[in-house]
Amino acid sequence: MKLKTLLEKQEYELLQGSLETEISDIVYDSRKAEEGMLFVAITGIVTDGHKYISDVINKGAAAVVVEREVQITDPDVAVVKVKNGRSALSLMSQAYFHYPAEKMVSIGITGTKGKSTTAHMIRDIIEKSGRRCGVVGTVGVEINGTVVPTEHTTPESYDLQRHFADMVDAGCEYMVMEVSSQGIKMDRVYGMAFDYGVFTNLSPDHIGPGEHENFEEYRNCKSRLFQMCRVGIVNADDPNWQEIVKDATCEIRTFGTGEADMRAEAIEHINDVGNLSMKFRARGILDGDVIIGLPGLFNVYNGMCAACVGALLEMPQEVILHALEHVEVRGRVENVPTGRNFSVLIDFAHNGVSTESVLRTLREYNPSRIVAVFGCGGNRSKLRRYEMGETVGNLADLAVVTSDNPRTEDVMDIVEDIKVGLKKTKGEYIVIPDRMEAVDYAISHAADGDLIVLLGKGHEEYQEIQGVKHHYSEREAVSRALENLKK
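What you see is a predicted model; the values in this text were computed from it and never measured. (Residues numbered from 1 in each chain as written. Predicted model: local features only at pLDDT ≥ 70, side-chain atom pairs only at ≥ 80, totals over all residues. Heavy atoms only, no water.)

K.L.:
Even after reading the chapter, I still don't get the sheet that holds strand β21 (residues 428-431), so can you show me in this structure?
P.N.:
In a beta sheet, neighbouring strands are held together by backbone hydrogen bonds and run either parallel or antiparallel to one another. The mixed open sheet is built from six strands, whose spatial order is β17-β18-β22-β19-β20-β21. In this open sheet, the two edge strands, each paired with only one partner strand, are β17 (334-336) and β21. Strand after strand, the sheet turns through a mean of 20° between neighbouring axes, direction not considered. Bridge count for strand β18 (residues 343-347) against strand β22 (residues 451-455) is five bridges, and the pairing is parallel. Bridge pairing links Ser-343 to Leu-451 in β22. Packed on one face of the sheet, helix α11 (residues 352-363) meets β18, β19 (370-374) and β22 and runs near 165° to β22. Strands β17, β18 and β22 of the sheet are contacted by helix α15 (residues 474-486), whose axis makes an angle of about 160° with β18. (Pairing = 2+ DSSP bridges. Helix = DSSP H or I, 4+ residues; strand = E, 2+ residues; numbered from the N terminus. Axes fitted to C-alpha atoms, helices over the stretch in contact; angles between N-to-C directions. Contact = heavy atoms within 4.5 Å.)

Dropping the structure here:
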């Protein structure tokens with residue numbers, strides 16, 4: 001592809017070389033540069049891509065895109081100056097892959113919680129209608145049942161466009177993606193136009209060094225999605241929703257329990273022999289009784305949102321209702337069948353806010369006991385450990401404190417920090433550092449009516465110990481514990 005084609009949708013200044021230069025690929029990591037490629041020098045938080053320009057030229061790069069003038073002695077190398085390397089990378093990546101997102105119906109989801117669950121609910125509705133749908137999010141990139149892990153919830157723009165191209169090649173007509181605030185802030189979706197933008201909810205998160213300066217900036221980043229879509233679908237029960245859409249350039253539709261385009265009435269918690277779900281009466285865009293095959297009031301909101309999208313996509317109502325009743329989202333209050341009179345759930349909650357939400361939700365089902373198996377990640381804020389300990393101590397009947405991803409820290413040092421929070425409560429706890437053994441203990445000591453929740457790992461299939469990722473699956477741990485119980 002010619003350089004001028006890659007640059008067709010942005011402002012730039014050609015400092016040297018020719019716009020007719022043939023480009024074999026785009027790269028933003030100098031270590032991956034090869035002959036004929038275009039290198040985009042990005043000024044990042046950790047390093048500055050401009051420092052590696054001579055390296056990529058020595059590897060045979062045909063062109064470089066820079067944010068400031070640099071000294072390049074090879075006159076055959078095309079040099080293009082842009083205002084922002086990240087936004088330029090996004091626009092050029094879209095051009096390089098022939099604008100793949102525009103070949104699908106695109107749905108972008110932003111919010112603090114509920115993005116993954118809502119994305120999978122929408123995917124299930126679409127696929128149960130007989131269409132193909134790709135998903136980009138926390139779990140990775142999912143195309144026709146294959147999952148490719150990603151480093152970020154919203155991948156870097158080049159990788160994102162490559163995944164979209166793969167979806168198109170695989171026959172996907174629809175695409176659902178989690179659009180993180182960091183993804184918006186770092187211009188990973190710059191220049192994209194979504195058919196539908198979704199707002200789930202907002203609470204303080206991702207605020208600190210390397211993320212967002214304050215809550216206002218965090219909220220403003222989320223709000224930018226509604227200047228990038230045709231129709232916005234927002235949670236009217238969230239106190240921030242009007243701030244989120246105040247500068248919106250799209251049509252706005254709402255869902256909630258009050259005045260909204262889709263309303264939920266007569267909400268019920270259902271506990272059917274250890275299988276937890278929700279039920280409500282929908283009014284408005286969709287009308288009828290809705291069962292959500294996941295527990296918790298927050299899943300009523302996720303379900304309303306997904307149903308709203310499904311209805312606007314003109315999916316059959318019976319398909320929407322069936323998909324929501326049978327939805328399964330890996331690691332998000334995921335029911336694990338036990339064949340016994342106690343319940344086991346797996347959830348990704350790994351901070352105080354999300355843990356409190358999950359445990360308060362489970363209390364609504366009136367279990368005999370809530371037993372929480374959890375740890376905290378290493379090389380992270382100690383405040384999170386104190387909060388997790390205090391939250392579990394207050395809201396669970398028994399805490400089984402174990403490891404999560406200790407990374408380069410000693411597990412017992414992390415446990416001691418968790419105990420600081422636990423000791424502020426009257427909650428009972430036991431420490432079992434090995435997570436597999438901790439799960440086995442919780443299940444082997446379960447009584448009728450107990451609800452065991454495994455917190456923190458969710459969809460992850462590993463534990464990171466001393467910088468090495470070791471295979472670990474909560475589902476396998478539960479399966480082994482149930483087999484031991486039979487014996």
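K.L.:
Help me out: how do you make sense of the packing of aromatic side chains in this one?
P.N.:
Counted under the stated rule, the structure contains three aromatic pairs. With 6.3 Å between their ring centres and 55° between their planes, Phe-215 and Tyr-218 make a pair best called tilted. Pair noted here: Phe-215 and Tyr-218 are both in helix α7 (residues 215-223), with a separation of three residues, about one helical turn. Judged by its relative accessible area of 1%, Tyr-218 falls in the buried class. Through successive ring pairs, a cluster of aromatic residues spans Tyr-96, Phe-97 and Tyr-158. One Lys or Arg, Lys-457, reaches over the ring of Tyr-462 and ends 4.8 Å from the middle of that ring. Residue placement shows Lys-469 over the ring face of Tyr-462; its charged tip is 4.4 Å from the ring centre. (Phe/Tyr/Trp six-rings, centres within 6.5 Å; stacked < 30°, edge-to-face > 60°. Buried < 20%, exposed > 50% of the residue type's maximum accessible area, 1.4 Å probe, protein only. Lys NZ or Arg CZ within 6 Å of the ring centre and 35° of its normal.)

K.L.:
How should I be thinking about the nonpolar core in this particular structure?
P.N.:
Side chains of nonpolar character tend, in soluble globular proteins, to be buried together. In this structure, Ile-107, Ile-126 and Leu-324 are the most contacted members of the largest nonpolar core, which totals 65 residues. For this core, the element with the highest residue contribution is helix α9 (residues 297-312), accounting for eight residues. Filtering out sequence-adjacent residues up to four positions away, Ile-126 remains in contact with Ile-107, Arg-131, Cys-133, Tyr-174, Val-176, Leu-313 and Met-315. Counting residues in each nonpolar core, the second largest holds 27 residues, with Phe-164, Met-175, Leu-225 and Cys-229 among its members. (Core = buried A, V, L, I, M, F, W, Y, C linked by side-chain atoms within 4.5 Å.)

K.L.:
Would you mind showing me how to read the sheet that holds strand β4 (residues 63-66) here?
P.N.:
Read across the sheet, five strands follow the order β1-β5-β4-β3-β2 without closing on themselves; strand pairing throughout is mixed. Bordering the open sheet on either side are β1 (13-16) and β2 (26-27), each of which pairs with just one other strand. In this structure, β4 lies alongside strand β5 (residues 78-81), joined through four bridges in parallel fashion. Opposite Val-66, over in β5, you have Lys-81 as the bridge partner.

K.L.:
Help me understand the side chain of Asp-417, please; the structure alone is not making it clear to me.
P.N.:
With respect to the helices and strands, Asp-417 occurs in helix α13 (residues 411-422). Judged by relative accessible area, Asp-417 falls into the buried class, the value being 9%.

K.L.:
Help me out: how do you make sense of the packing of helix α4 (residues 115-128) against α9 in this one?
P.N.:
In contact at an axis separation of 9 Å, α4 and α9 are set at 40° when each is read in the N-to-C sense. The orientation of α4 relative to α9 falls into the category oblique. The way α4 lies across α9 gives a crossing that is right-handed. Two secondary-structure elements touch here, α4 through Thr-117, Thr-118, Met-121, Ile-122 and Ile-125 and α9 through Asn-299, Asn-302, Gly-303, Cys-305, Ala-306, Ala-307, Val-309 and Gly-310. (Parallel < 35°, antiparallel > 145°, perpendicular 65-115°, else oblique. Left-handed = near helix turned anticlockwise from the far one by under 90°.)

K.L.:
Help me understand the environment of Trp-241, please; the structure alone is not making it clear to me.
P.N.:
Considering the arrangement of structural elements, one finds Trp-241 in helix α8 (residues 241-245). On a C-alpha basis, the gap between Trp-241 and Phe-199 in space is 8.0 Å, while along the polypeptide they are 42 residues apart. Not counting the four nearest positions on each side in its chain, Trp-241 is found in contact with Phe-199, Val-234, Asn-235, Ala-236 and Thr-254.

K.L.:
Explain the pairing of strand β16 (residues 288-292) here, please?
P.N.:
Where a strand is regular, its side chains alternate between the two sheet faces. Direction of pairing for strand β15 (residues 275-284) relative to β16: antiparallel, over a ladder of five bridges. By the bridge assignment, Met-278 is partnered in β16 with Ile-292. Hairpin connection, β15 to β16: the antiparallel pair is bridged by three residues.

K.L.:
Teacher, can you tell me more about the state of the cysteines here?
P.N.:
Cysteine pairs can be covalently joined through their sulfur atoms, and such a bond is termed a disulfide. Taken as a whole and judged by the stated rule, the model has zero disulfides. Cys-221 forms no disulfide, and the closest cysteine sulfur to it belongs to Cys-229, at a distance of 16 Å. For Cys-221, a relative accessible area of 5% corresponds to the buried category. For the unlinked cysteine Cys-229, the closest cysteine sulfur is that of Cys-250, found at 3.7 Å. (Disulfide = S-S within 2.5 Å.)

K.L.:
Looking at this structure, I do not really get the side chain of Ser-473. What am I missing?
P.N.:
By secondary structure assignment, the location of Ser-473 is in the loop between β24 (468-471) and α15. Here the side chain of Ser-473 touches Arg-475 through a polar contact of 3.3 Å, landing on its backbone nitrogen. (Polar contact = N/O pair within 3.5 Å; in protein donor to acceptor, adjacent residues only side chain to side chain.)

The values reported here are purely geometric and, on their own, carry no functional implication.
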